[in-house]
Amino acid sequence: MKNFAFVSIGNDSHKNAKLLVKSIKKTNLNCRIIQISRKEDKVIIGVDEILTFNFDSSVFMLNRLESQIKIIEKYGPTIFLDTDMLINKDLNEVFSLLKKNDFIFTNRKNNHYMNDTFSNIKYPEFTNKTTNDVMPFNGGFVGSSNAISMEKLLEIFLGLPQRFHYWFGDQVAQKKIFDTNEFRILVLDSKYNYMIENVTEFNQKIYVYHFKGKYKEFMEPFYQKFSRYFGAGEGI
């Protein structure tokens, strides 16, 4: 069974998650879609399973990883996605590769200098550093095949300063576990986690579109315009 899972908290996230679920169902047959949310959150139409987790906003990224471990323990190998994503192609090959690896990470599309302040929190580790220096993998798409490697990722995460438990900790921990060379980690290129910059163009070669930041608002019109091409074998 192909397992897809995502964390969705609140109405804004749910709006995106509905489109994510639609795109998964359109492009990937015989899969299980798992929603991870709080008890008070609504159920997204089309999901197959729901995991309820008590999220604390001050340590959101830590809680997200903890909830993902529960998914792995219950359902086995899973691809975890951000809700602001659209799946454009079948991921059968990726799931086959996941069976042979502990993790699948995705490279960032661009390398750039980091902003060392986020939500009024200072991250001195980012000062004069590029994304490739500190977190070259985007955490919006992560494949995990077993709980042992996820527990090690959590151990690394917990060793980071407290500010990383709120944000960025997942991606910093990804680099650290990659650098240990202790696990089988396959790194896919950015077409599996493509940060969209031009919402008027559609590229059939992209496997997963990612609508980060200001581009979130364009996710729905993009889906309405181009979803009829999702899953097609060739470009348009």
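Coordinates for the structure precede this section.
Here the residue index of a chain counts from 1 through its sequence in written order. At least 70 in pLDDT is required for a residue's local features to be given in this predicted model, at least 80 for side-chain atom pairs to be given and counted, and no such filter applies to totals for whole chains, interfaces and linings, which use all residues. Heavy atoms from the whole structure form the basis of all side-chain values; hydrogens and water molecules are not counted.

### Some points on the pattern of salt bridges
Each salt bridge in this description consists of a side-chain nitrogen of Lys or Arg and a carboxyl oxygen of Asp or Glu lying within 4 Å of one another. Evaluation of the coordinates by the stated rule reveals 14 salt bridges. Its salt-bridge partner being Glu40, residue Arg38 comes within 3.6 Å of it at the nearest N-O pair. Buried residues are those whose accessible area, probed at 1.4 Å on protein chains only, stays under 20% of the maximum for their type, while exposed residues exceed 50% and partly exposed ones sit between those limits. On the basis of relative accessibility, which here comes to 26%, the residue Arg38 falls in the partly exposed class. Overall, Glu40 belongs to the exposed group, its relative accessible area being 58%. We note a salt bridge from Arg64 to Asp170, for which the minimum N-O separation is 2.7 Å. Note that Arg64 is positioned in helix α2 (residues 60-75) and Asp170 in helix α7 (residues 169-180), a separation of 106 residues in sequence. By relative accessible area, Arg64 is classed as buried at 10%. Its relative accessible area of 10% is what places Asp170 among the buried residues. Sharing partners across several salt bridges, the network here consists of Arg38, Glu40 and Asp41. Under the scheme used here, helices are H or I runs from DSSP no shorter than 4 residues and strands are E runs no shorter than 2 residues, and both carry numbers assigned from the N terminus.

### Brief notes about the packing of helix α1 (residues 10-27) against helix α8 (residues 219-226)
Between α1 and α8, the least distance of the axes is 10 Å, while the angle of their chain directions is 25°. In terms of orientation, α1 lies roughly parallel with respect to α8. Relative to α8, α1 is oriented so that their crossing is left-handed. Note on element contacts: α8 touches α1 through Met219, Glu220 and Tyr223, opposite Lys15, Asn16, Leu19, Leu20, Lys22 and Ser23. Residue classes in the contact of α1 with α8 are distributed as four nonpolar, two polar and three charged. Helix axes are fitted only over the stretch in contact, all axes being lines through C-alpha atoms; the angle between N-to-C directions runs from 0 to 180 degrees. The cut-offs work like this: below 35 degrees is roughly parallel, past 145 is roughly antiparallel, 65 to 115 is roughly perpendicular, and the gaps in between are oblique. What makes a crossing left-handed is the near helix being turned counterclockwise from the far one by less than a right angle; a clockwise turn instead makes it right-handed. For this analysis, residues touch if any pair of their heavy atoms sits within 4.5 Å. Only Asp, Glu, Lys and Arg are considered charged, only Ala, Val, Leu, Ile, Met, Phe, Trp, Tyr, Cys and Pro nonpolar, and every remaining residue, Gly among them, polar.

### Some words on the packing of α2 against helix α5 (residues 147-158)
What describes two packed helices is the angle between their axes and the distance between those same axes. Between α2 and α5, the least distance of the axes is 10 Å, while the angle of their chain directions is 165°. Taken together, the axes of α2 and α5 lie roughly antiparallel to each other. Considering only the axes of α2 and α5, their crossing is left-handed. Mapping the contact onto sequence places Met61, Leu62, Leu65, Glu66, Gln68, Ile69, Ile72 and Glu73 in α2 and Ala147, Met150, Glu151, Leu153, Leu154, Phe157 and Leu158 in α5. Taken together, the residues that form the contact of α2 with α5 break down as eleven nonpolar, one polar and three charged.

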